[in-house]
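# Chains, contacts and geometry: an overview
Each chain is listed here by its residues.
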Amino acid sequence: MATQTPPREVDHLIVGAGFAGLCTAIKLDEAGERDFVVIEKDTDVGGTWHVNTYPGAACDVPSQLYSFSFALNPDWSAAYSPQPEIQAYIRSVAERSGVLDRFRFSTTVLDARWDAATGCWQVRTDDGDYAARTLISGSGGLSEPRLPDIPGIGDFAGEVFHSARWDHDVDLDGKRVAVIGTGASAVQIVPELQRRLAATGGRLDVYQRTPNWVIPRNERRYTRVEKAAFRHVPGLQRALRAGVYAGLEARVPAFVRFPQLQAATEAAAKLNIRRGIADPALREKVTPDYRAGCKRILISNAYYPALAADNVELVTDPIAEITPTGIVAADGTSREVDVLVVATGFHVTDQPIAEHITGREGRTLADVWGDAGMRAYKGTTVHGFPNLFQLVGPNTALGHSSMIFIIESQVRYVVDAARTLRRRGQVAVEPKRATQDAWCARVQDRMDGTVWTTGGCASWYLDRFGNNTTLWPGQTFTFRRHLARFDEGAYDVVATTDPTESIEPHPTKETVTA
Ligand code: NAP
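Residues numbered from 1 in each chain as written. Predicted model: local features only at pLDDT ≥ 70, side-chain atom pairs only at ≥ 80, totals over all residues. Heavy atoms only, no water.

## Thoughts on the overall build of the chain
The cut-off we apply is this: Here a strand is any run of E in DSSP of at least two residues, a helix any run of H or I of at least four, and the numbering for each starts at the N terminus. The reference for a compact globule is 2.2 Å times residues^0.38; the radius of gyration itself is calculated from the C-alpha atoms. Three labels apply to residues, based on accessible area from a 1.4 Å probe with only protein chains included: buried if under 20% of the type maximum, exposed if over 50%, partly exposed otherwise in between. Two residues form a contact once any of their heavy atoms are found within 4.5 Å. A 1.4 Å probe and the Shrake-Rupley method give the accessible areas. Residues count as covered only by the protein chains that appear here. Lys and Arg are tallied as positive, Asp and Glu as negative. Neither His nor the chain termini are counted. The atom standing in for a charge is NZ when the residue is Lys, CZ when it is Arg, CG when it is Asp and CD when it is Glu.
Secondary structure summary: the chain contains 16 helices and 20 strands in total. In summary, the chain has a C-alpha radius of gyration of 24 Å against a globular reference of 24 Å for 514 residues, a match within 12%. Dimensions along the principal axes, computed over C-alpha positions, put the chain at roughly 75 × 60 × 45 Å. Split into buried and exposed, the 514 residues of the chain put 54% on the buried side. In the chain, 76% of the contacts between residues at least 6 apart in sequence involve partners at least 24 apart. In the form shown here, the chain has an accessible surface area of approximately 21,900 Å², with 51% of it arising from carbon and sulfur atoms. Each charge class in the chain can be summarised by its mean position, and for the 56 positive and 62 negative side chains these summaries are 8 Å apart.

## Focus: the state of the cysteines
Put simply, the rule is: Here, the term disulfide refers to a pair of cysteine sulfur atoms separated by no more than 2.5 Å.
In total, this model carries one disulfide according to the counting rule given. The disulfide partner of Cys 294 is Cys 457, and the S-S distance across this bridge is 2.1 Å. Taking the sign of the S-S torsion, about -90 degrees here, the bridge from Cys 294 to Cys 457 comes out left-handed. On the criterion of sequence distance, the pair formed by Cys 294 in the loop between helix 9 (280–286) and strand 11 (298–299) and Cys 457 in the loop between helix 14 (451–454) and helix 15 (476–482) is long-range, its members being 163 residues apart. The cysteine Cys 23 is free of any disulfide, with Cys 59 supplying the nearest cysteine sulfur at 16 Å. Judged by relative accessible area, which is 1%, Cys 23 ranks as buried.

## Some thoughts on the sheet that holds strand 13 (residues 319–323)
Heads up, the condition is: By definition, two strands form a pair when at least two bridges between them are found by DSSP. Comment: axis = line fitted to C-alpha atoms, over the contacting stretch for helices; angle = value between 0 and 180 degrees taken between N-to-C directions.
Strand order in the open sheet made by the three strands is 13-14-15, with antiparallel pairing throughout. At either margin of the open sheet sits one strand with a lone partner, and together these are strand 13 and strand 15 (334–336). Across the sheet, the mean angle from the axis of one strand to that of its neighbour is 20 degrees, orientation sign disregarded. Two strands pair when backbone bridges link them, and strand 14 (residues 326–329) and strand 15 are joined in this way by three bridges, in the antiparallel orientation.

## Comments concerning the packing of aromatic side chains
For the record, the criterion: Whether two aromatic rings pair depends on their centres lying within 6.5 Å, for rings of Phe, Tyr and Trp, where Trp uses its six-membered ring; planes under 30 degrees apart make the pair stacked, over 60 edge-to-face, and the rest tilted.
All told, the structure shown has 21 aromatic pairs when counted by the stated rule. The interplanar angle of 85 degrees and the centroid separation of 5.5 Å between the aromatic rings of Phe 19 and Tyr 66 together place this pair among those described as edge-to-face. Within this pair, whereas Phe 19 is found in helix 1 (residues 19–30), its partner Tyr 66 is found in the loop between helix 2 (48–51) and helix 3 (83–97), the two being separated by 47 residues in sequence. Note on Phe 19: relative accessible area 6%, which makes it buried. The buried category is assigned to Tyr 66, whose relative accessible area is 10%. With a centroid separation of 5.9 Å and an interplanar angle of 15 degrees, the aromatic rings of Trp 439 and Trp 472 are classed as stacked. Of the two residues, Trp 439 is situated in helix 13 (residues 433–447) and Trp 472 in the loop between helix 14 and helix 15; the sequence distance between them amounts to 33 residues. Feature note: the residues Phe 19, Trp 49, Tyr 66, Phe 68, Phe 70, Trp 76 and Tyr 89 constitute an aromatic cluster, connected by ring pairs.

## Overview of the domain arrangement of the chain
Convention followed: An automatic or database domain assignment supplies the residue ranges for each domain. Defined in terms of a 1.4 Å probe, buried area is the accessible area two parts forfeit on being brought together, summed over both. One side-chain nitrogen of Lys or Arg within 4 Å of one carboxyl oxygen of Asp or Glu is enough to make a salt bridge. Pairs of N or O atoms are called polar contacts if they sit within 3.5 Å, as long as, within protein, a hydrogen donor faces a hydrogen acceptor (for residues adjacent in sequence, only side-chain-to-side-chain pairs). Under this grouping Gly is polar, as are all residues other than the nonpolar Ala, Val, Leu, Ile, Met, Phe, Trp, Tyr, Cys and Pro and the charged Asp, Glu, Lys and Arg.
Examined at the domain level, the chain breaks down into domain 1 (8–144 + 348–434 + 473–488) and domain 2 (153–212 + 256–342). Taking the mean C-alpha position of each, domain 1 and domain 2 sit 33 Å from one another. Counting residues at the interface gives 15 residues for domain 1, matched by 13 residues for domain 2. Between domain 1 and domain 2 lies a buried interface of about 1,200 Å² when both sides are counted; carbon and sulfur atoms form 50% of it. Per-residue buried area on domain 1 facing domain 2 is highest for Tyr 54, Pro 55 and Asp 60; these three make up 47% of the total on that side. Where domain 1 meets domain 2, there are one salt bridge. Residue Asp 60 pairs with Arg 296 through a salt bridge whose shortest N-O separation is 2.7 Å. Applying the counting rule to domain 1 against domain 2 returns five residue pairs in polar contact (both at pLDDT 80 or more). When grouped by side-chain class, the residues that make up the side of domain 1 that touches domain 2 number eight nonpolar, six polar and one charged.

## Examining the packing of helix 1 against helix 12 (residues 403–424)
Put simply, the rule is: Here roughly perpendicular refers to angles of 65 to 115 degrees, roughly parallel to angles under 35, roughly antiparallel to angles over 145, and oblique to all remaining angles. For a crossing to be left-handed, the near helix must be turned anticlockwise from the far one by less than a right angle; the clockwise case is right-handed.
At a closest axis distance of 9 Å, the pairing of helix 1 and helix 12 adopts a crossing angle of 40 degrees. Between helix 1 and helix 12, the crossing angle belongs to the class labelled oblique. The crossing of helix 1 and helix 12 is right-handed. Here Phe 19, Ala 20, Cys 23, Thr 24, Lys 27 and Leu 28 of helix 1 lie close against helix 12, whose contacting residues are Ile 404, Ile 407, Glu 408, Val 411, Val 415 and Ala 418. Looking at the contact of helix 1 with helix 12 residue by residue, the classes come out as nine nonpolar, one polar and two charged.

Written out as structure tokens, the structure reads:
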């Protein structure tokens, strides 16, 4: 019989070992906040980059910007990095950082509950319990696959898997494969599948509900000379990175203020269609009827030619049902399928981790957010949830640049908060309700007139109330400025039941001044 062991006490419990969790661990460690544990349900660091191994998986943010600012990588092979290279990069940063001894892999958080008596988060995992002063969630905005609710899908007798759970044991050679969805994942998967199936006598059906705007990808491989220059010429790679960053930030006004500027993107995408597809009917099917940017703008040189290939059919009739042997479209056409790939995205505005976090008032974060949608102060802290910090929280995601910039901004804020709490001897803080409300109102005000609201599409950026609680409506440097320091004045100190707990500095570490 299992014996009851007391929870392990830690200063900080970090959930998730992707870019966010790893960055937090490294920066807390540097700040002298070394008493932390990182819980990761998977077997390695990397998060989304560890899990998404589908054929063609790559980053659509330029490589030069898609790394930590404190760990540039001179060895990127190309302007856009493939998934295995990004995963290897994250692993090497983790190994060099010296924090891996505090990572617990293959461990899942079952629930986390604020305990007023001890001023700690009581966290249950499937491998022991923890009592943590702060709970830092880096569990990712795009980690829980969203499966489509299509009649009959449960009865399909062939192989079926989600793009983010690719089953590499399934032999695709010569098979009839169907991909449902035409988003960022599908545009990378489809060209790879098309080539492989063409070489082995297989067929591919692509089920499109809504076309996306797909612009060309500026691909090029870095030469040995360039890589040597990145490594040895002081400041060169950082200057290139700054240029890429500035170029992407220059696109923000077209998203938030002047959506009509997206006409240039639409022209580039239409040219991409004309180059890739000769058939006018197919061209028409893939041309969106909403403003570019309303949904995420995709980049690919290979997607349209793949759709035009002989062994591919683009199906735009809605799916009526899935039978044990295939898919029936709304026009009655039935297509036999051996393997079904579901590339239908993720739970974004209803993050599953929220169901497992119970705050000061005994309600889960999912419950609280269920009232009016996801709300957080500066995308990071939530009234009623003391010392909970959420990385990649509400209104922090980007459609135009690198999430690593946002993550680093939030981590600075969290580290400053940890230092401040220690210096003040405060057990716990949470954002004042009025301050959080004012922040959320300001963010939502800025959504008026953005392309996400006015662009004429339905997207996963919007929640069930029609609010965009996903994206940051501005430049990333503005976000960073807002989170430049932990603004204690915006927070209430939360008393614990035991009053001595709330005034004592935490005893196990030296005091670190900000
Ligand atoms: P997604 O963009 O949400 O696309 C899901 C696709 O599935 C859409 O085409 C959607 O159609 C379709 N779909 C959903 N439910 C359906 C249903 N019941 N029947 C038919 N079609 C259905 O998901 P994703 O492609 O996995 O990408 C998600 C996000 O992951 C991206 O936006 C991006 O942020 C990230 N990502 C990034 C990269 C990168 O390179 N950095 C690569 C892949 C993914 P509708 O449009 O009609 O809803």
